[in-house]
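What follows is the residue order along each chain.
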Amino acid sequence: MNMEFNRQHEGPRQATRIDEIEGRFDQPILWLSVLLAAFGLVMVGSSSIAVAEGLNVGPFHFLIRHAVFLGLGAVLAAVITRVELRELERHSHLLVLIGILLLLAVFIPGIGRTVNGARRWLNLGITGFQAVEAVKLFLIVWMASYLARYRDQVQSEWIAAFKPFLVVGAMVLLLLAQPDFGSAALLIGITLCLIWLGGVRLLHVLVPTAVIAPLMVMVAMSESYRVRRLTSFMDPWKDPFNDGFQLTQALIAIGRGEWAGVGLGGSVQKLFYLPEAHTDFIFSVMAEELGFVGILGLLAMIGLLVWRAFRLGLRAVEMGRGFAGFCALGVGLWLALQSVVSIGVNLGLLPTKGLTLPLVSSGGSSVLMSCAALGLLLRVSYELDRSERQVARHKESRALPEPVVMDEPIVVGPAPQPLRLGSRGRLRIEPSLGEIA
């Protein structure tokens, strides 16, 4: 009878401690990532059939390869979502050191591999891996850790704002030696934007920018092929069959698409006219087959994903979770800047650079690390939701009345303990299993 009385007044079974509350993953980020990956899978299949047949590797070679890397990337993302952010922050220095070692490893004979005149790849036996793709994520994690630890100094001291550029400078020098001018510019852009979001004074940003910008211009003009890219970008129709060939064919593809496109699979430019149709210039094939309407859908997915990342990062910073917030902001900047550069190259707004469209273009290294970055973003959303629910639960517990001790009836046997609602009057809550909600 006494046990039945206790069960009736116990209320819902809930977790004993606030720190046992679990978080939930951000649904829009999850589903936007899935939709973008599915969209990319379809377009890789459409744009790569002719290329695969020309290489005699089977019409679906690149489609199957892309699907395999997407699967591996999904596994990698799932693993990262299970790693506590404090563990990543604790090992951030190790990660950035590994990144520098990877950039050095490409110059070691037998380990590094040259593709299209650039020594950017690591030979893993069954496949190659582009080291800079991992370096992008490692740099973001280290920058987030640095800004979380030294944010006050970054906002007030010039030297604290300049230190990250020493690390980035070492990476940029190694990238220029490969050469990989596009990735070097991307790393500098991510660093500048993160420093600015960290609250640095404008003067402290202008000083390193005034030093870096002329150096980058000198490097860009030091090689004849880079000069030709710049001149062909400004007027591709001046030499449409040589230096301006890629851009003119991309613009022809975009123009053929008009409003509704020629239909999925109906692209003509991908039939050996447009080089790298399934990688760097996949946007042009999309524009030709899906038209302006299809491109708007792609831009909407990328834009919403970047917006959710920025919103998540700002919420985390406001809650005092600096590392989580700057990780989310860094991933958002990576996706935004690389997408802008890739699309800008296809539209003739930027000089030709070998940067893929995240999650869309074919490329094993890019797909793997894009999935890893999105896994980190989901982990940030999980821990932020957990913190917000813990704070809300703590406020609720403080608002509850003082503990109530209820009189128990006299029973034969050992005296039962009085029923209490909790040591501080708070209800217990049931821990979730961390499901996606």
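Once a new chain begins, its residue numbering starts again from 1 and follows that chain's sequence as written. Under the rules for a predicted model, residues below a pLDDT of 70 receive no local features and side-chain atom pairs below 80 are neither given nor counted, while totals for whole chains, interfaces and linings still include all residues. Values shown for side chains rest on all heavy atoms present in the structure; no hydrogens or waters enter the calculation.

Only runs of H or I of at least four residues qualify as helices and only runs of E of at least two qualify as strands under DSSP, and these elements are numbered from the N terminus. Secondary structure summary: the protein contains 14 helices and 3 strands in total. Only protein chains enter the accessibility calculation, which uses a 1.4 Å probe. A residue is then buried if its area is under 20% of the maximum for its type, exposed if over 50%, and partly exposed in between. Residues counted as buried form 46% of the 437 residues belonging to the protein. Once local pairs closer than 6 in sequence are excluded, the contacts in the protein between residues at least 24 apart make up 72%. Note on areas: Shrake-Rupley, 1.4 Å probe, and residue coverage restricted to the protein chains presented here. For the protein, the accessible surface area stands at approximately 21400 Å², while carbon and sulfur atoms represent 66% of it. We call two residues contacting when some pair of their heavy atoms lies within 4.5 Å.

What follows concerns the confidence of the model for the protein. For any part of a model where pLDDT is low, the fine detail of the predicted coordinates should not be relied upon. On a range of 0 to 100, pLDDT expresses the predictor's confidence in each residue. Of all residues in the protein, 85% have pLDDT values of 70 or greater, and the mean over the chain is 82. Across residues 1–16, confidence stays below pLDDT 50; counting only partners more than four residues off in sequence or on other chains, it has 26 contacts. When the criterion is pLDDT under 50, residues 404–437 qualifies, and its contacts beyond four places in sequence or with other chains add up to 70 contacts.

The next point concerns a nonpolar patch on the surface. Every patch collects residues that have over 30% relative accessible area and no salt bridge, joining them within 9 Å if they carry like charges and within 5 Å if they are nonpolar side chains (Val, Leu, Ile, Met, Phe, Trp, Tyr). Should a side-chain nitrogen of Lys or Arg be within 4 Å of a carboxyl oxygen of Asp or Glu, the pair is scored as a salt bridge. Taken together, the side chains of Leu 94, Leu 97, Ile 98, Leu 101 and Leu 104 define a hydrophobic patch exposed on the protein surface, amounting to about 420 Å² of accessible area. Looking at the element boundaries, Leu 97 is found in helix α5 (residues 92–105).

A word on the packing of helix α6 (residues 131–156) against helix α7 (residues 158–177). With axes taken as lines fitted to C-alpha atoms, and helix axes fitted only over the stretch in contact, angles between N-to-C directions fall between 0 and 180 degrees. For the pair α6 and α7, interaxial distance at closest approach is 8 Å and the crossing angle is 165°. Classed by the angle they form, the pair α6 and α7 counts as roughly antiparallel. Of the two possible hands of crossing, α6 and α7 adopt the one that is right-handed. Counting all contacts with α6, which are made through Val 132, Val 135, Leu 139, Trp 142, Met 143, Tyr 146, Gln 153, Val 154 and Ser 156, the residues of α7 involved are Trp 158, Ala 160, Ala 161, Lys 163, Pro 164, Val 167, Val 168, Met 171 and Leu 175. Residue classes in the contact of α6 with α7 are distributed as 15 nonpolar, 2 polar and 1 charged. Each angle receives one of four descriptions, namely roughly parallel if under 35 degrees, roughly antiparallel if over 145, roughly perpendicular if within 65 to 115, and oblique otherwise. Left-handed describes a crossing in which the near helix is turned anticlockwise from the far one by less than a right angle; the clockwise case is right-handed. As a working rule, the residues Ala, Val, Leu, Ile, Met, Phe, Trp, Tyr, Cys and Pro are called nonpolar, Asp, Glu, Lys and Arg charged, and the rest polar, with Gly in that last group.

Residues belong to a common nonpolar core when they are buried Ala, Val, Leu, Ile, Met, Phe, Trp, Tyr or Cys residues joined through side-chain atoms within 4.5 Å. Membership of the largest hydrophobic core comes to 102 residues, with the highest contact counts inside it found for Met 286, Leu 298 and Leu 376. Per-element accounting of this core gives the leading share, 15 residues, to α6.

Here the focus is the packing of aromatic side chains. Stacked, tilted and edge-to-face are the three classes assigned to paired rings of Phe, Tyr and Trp, where Trp is represented by its six-membered ring and a pair needs centres within 6.5 Å; plane angles under 30 degrees give stacked, over 60 edge-to-face, the rest tilted. Summed over all chains, the structure comprises 6 aromatic pairs. Taking 5.1 Å as the distance between ring centres and 10° as the angle between the ring planes, the aromatic pair formed by Trp 158 and Phe 162 counts as stacked. Linking Trp 158 with Phe 162, this pair stays in helix α7, spanning 4 residues, or about one helical turn. With relative accessibility at 26%, the residue Phe 162 sits in the partly exposed group.

Take the pairing of strand β2 (residues 118–123) next. Note on pairing: DSSP must find at least two bridges between two strands before they are called paired. Bridge count for strand β1 (residues 112–115) against β2 is 4 bridges, and the pairing is antiparallel. Of the residues in β2, the one forming a bridge with Arg 113 is Trp 121. Both β2 and strand β3 (residues 128–130) contribute to a ladder of 3 bridges, which runs antiparallel. Within β3, the residue paired with Asn 123 across the bridge is Gly 128.

With antiparallel pairing, the 3 strands of this open sheet are ordered in space as β1-β2-β3. The sheet is open, and its two edges are formed by β1 and β3, each paired on a single side. Ignoring which end each strand starts from, the neighbouring axes of this sheet average 50° apart. Against the sheet, α6 engages β2 and β3, with an angle of about 40° to β3.

Applying the stated criterion to the full structure yields 13 salt bridges. Of the charged contacts, one joins Arg 386 and Glu 383 as a salt bridge, the two residues approaching to 3.9 Å between their closest N and O atoms. Of this pair, Arg 386 and Glu 383 are both found in helix α14 (residues 364–399), 3 residues apart, which corresponds to roughly one turn of the helix. Each member of the pair, Arg 386 as well as Glu 383, carries the same accessibility label: buried. Sharing partners across several salt bridges, the network here consists of Glu 84, Arg 86, Arg 321, Arg 379, Glu 383 and Arg 386.

As a further point, take the packing of helix α8 (residues 181–197) against helix α13 (residues 322–347). At a minimum axis separation of 10 Å, α8 and α13 run at an interaxial angle of 140°. Here α13 runs oblique to α8, going by the angle between their axes. Crossing of α8 over α13 shows right-handed handedness. From α8, Leu 186, Gly 189, Ile 190, Cys 193, Leu 194 and Leu 197 reach across to α13, where they touch Phe 326, Leu 329, Gly 330, Leu 333, Trp 334, Leu 337 and Gln 338.

What follows concerns the side chain of Thr 279. Checked against the element boundaries, Thr 279 lands in the loop between α11 (245–257) and α12 (282–318). Residue Thr 279 is classed as buried on the basis of its relative accessible area, which comes to 12%. Dropping the residues within four chain positions of it, Thr 279 is found in contact with Ser 361 and Ser 362.

Further remarks concern α5. One less than the number of residues in a helix, times 1.5 Å, gives the span that helix is expected to have. With 14 residues, α5 extends 20 Å from end C-alpha to end C-alpha; this agrees with the ideal 20 Å at 1.5 Å per step. Within α5, burial applies to Ser 92, Leu 95, Val 96, Gly 99, Leu 103 and Ala 105.

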